[in-house]
Amino acid sequence: MIKEKTKLYKALLLDLDGTLLDLDIEKFIPAYIEALSGKFNNFIRQDNFIKHLFGATNKMVKNEDPAKKNETVFYDEFCRNIGISFEQLKPLIEDFYRNDFPNLSCWGQVHPHAQSVIEAAKKNNLTLVLATNPIFPAVAILQRLSWSGLSAEQFQLITTMENMHFCKPNPAYYLEITRNIKCPPENCLMAGNDTVEDLSASKAGIDTFLVEDFILQRSEKEPISNYRGSLKDLALFIDRLKN
Ligand SMILES: [Mg+2]
């Protein structure tokens, strides 16, 4: 059941994977890691590559230094540990995202209600943010967005590893968004399928809508959100806002 609206929302923050995009994450992540690590066969053993990929990602997610972008934290750590300079690494990464990443689109499908959420938000003049965890470069996020049938022009802000200094579930990530779009937290609504990464927006003073179609429940505890329902319910909820 969806509770009645109590606040004036001016911005809608939307998660991508498992929310706007029907993504088979169980298949996508192993296929992604296999394909990416395969690019580096000539430089480093695959198990070592994967270990350092996770290690550098973890360091980026835990970063609290507001002066360092996610991209900087990740590549500083990753390049040091695998012993490849960023200048050597960059063309390989670019080649991967241009030529290999598109093959992973087989794991993503258009969600039939994604477009209606966007249309309802536009109708009510909400600022739209693609609040996907900024642990990926823009090139990977824009491709996944296209798998969902949506386009970058529909969003005022898309969070990527190049433009953000924090990651989910750090509340600082959500506060950085509110500063960027110049909308106070109390006028924002975050919608996503992850009970930890998306609902942590509440720690930044942002109301939350748990999208249950592909819910990622991270603990036994009952998740706490202001609202919950399917993506279709979210579209109806946004449509009925009287801004
Ligand atoms: Mg998600």
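Residues numbered from 1 in each chain as written. Predicted model: local features only at pLDDT ≥ 70, side-chain atom pairs only at ≥ 80, totals over all residues.

**A word on the pairing of strand β6 (residues 188-192)**
Here is step 1 of the chain: The element β6 is extensively covered by neighbouring structure, given that five of its five residues are classed as buried.
Here is step 2 of the chain: Burial along β6 is two-sided: Cys188, Met190 and Gly192 facing one way and Leu189 and Ala191 facing the other are all buried.
Here is step 3 of the chain: Relative to β6, strand β1 (residues 11-14) runs parallel, the two sharing four bridges. Bridge pairing in β6 links Ala11 to Cys188. (Buried ≥ 20, exposed ≤ 12 C-beta atoms within 10 Å, placed from the backbone. Helix = DSSP H or I, 4+ residues; strand = E, 2+ residues; numbered from the N terminus. Pairing = 2+ DSSP bridges.)

**Quick word on the sheet that holds β6**
Here is step 1 of the chain: Here six strands make up an open sheet; going across it, the order is β5-β4-β1-β6-β7-β8 and the pairing parallel. Across the chains shown, the open sheet's two edge strands, defined by having one partner strand only, are β5 (157-158) and β8 (227-229).

**Section: the pairing of strand β7 (residues 207-211)**
Remark: a regular strand shows side chains that alternate across the two faces of the sheet.
Here is step 1 of the chain: Of all the five residues making up β7, five are buried; the element is thus mostly covered by neighbouring parts of the structure.
Here is step 2 of the chain: Residues Asp207, Phe209 and Val211 point to one face of β7 and Thr208 and Leu210 to the other, with burial holding for every one of them.
Here is step 3 of the chain: Here four bridges tie β6 to β7, and the two strands are oriented parallel to one another. Residue Ala191 lies in a different strand from β7, and its bridge partner there is Phe209.
Here is step 4 of the chain: Note: β7 against β8, three bridges, orientation parallel. Each residue of the ladder has a partner; that of Leu210, found in β8, is Arg228.

**A look at the domain arrangement of the chain**
Here is step 1 of the chain: Assigned domains of the chain: these are domain 1 (11-23 + 108-239) and domain 2 (26-105).
Here is step 2 of the chain: Top contributing element to the side of domain 1 that touches domain 2 by residue count: helix α6 (residues 138-147), with four residues.
Here is step 3 of the chain: Here the side of domain 1 that touches domain 2 is composed, by residue class, of eleven nonpolar, three polar and one charged. (Domains from an automatic or database assignment. Nonpolar A, V, L, I, M, F, W, Y, C, P; charged D, E, K, R; others polar.)

**A closer look at unusual backbone geometry**
Here is step 1 of the chain: Cis geometry is found at the peptide bond from Lys168 to Pro169, where omega equals 5°.
Here is step 2 of the chain: Within the secondary structure layout, Pro169 lies in the loop between β5 and α7 (171-181).
Here is step 3 of the chain: The backbone of Lys182 sits at a positive phi, close to 55°, despite the residue not being glycine.
Here is step 4 of the chain: With respect to the secondary-structure elements, Lys182 resides in the loop between α7 and β6.

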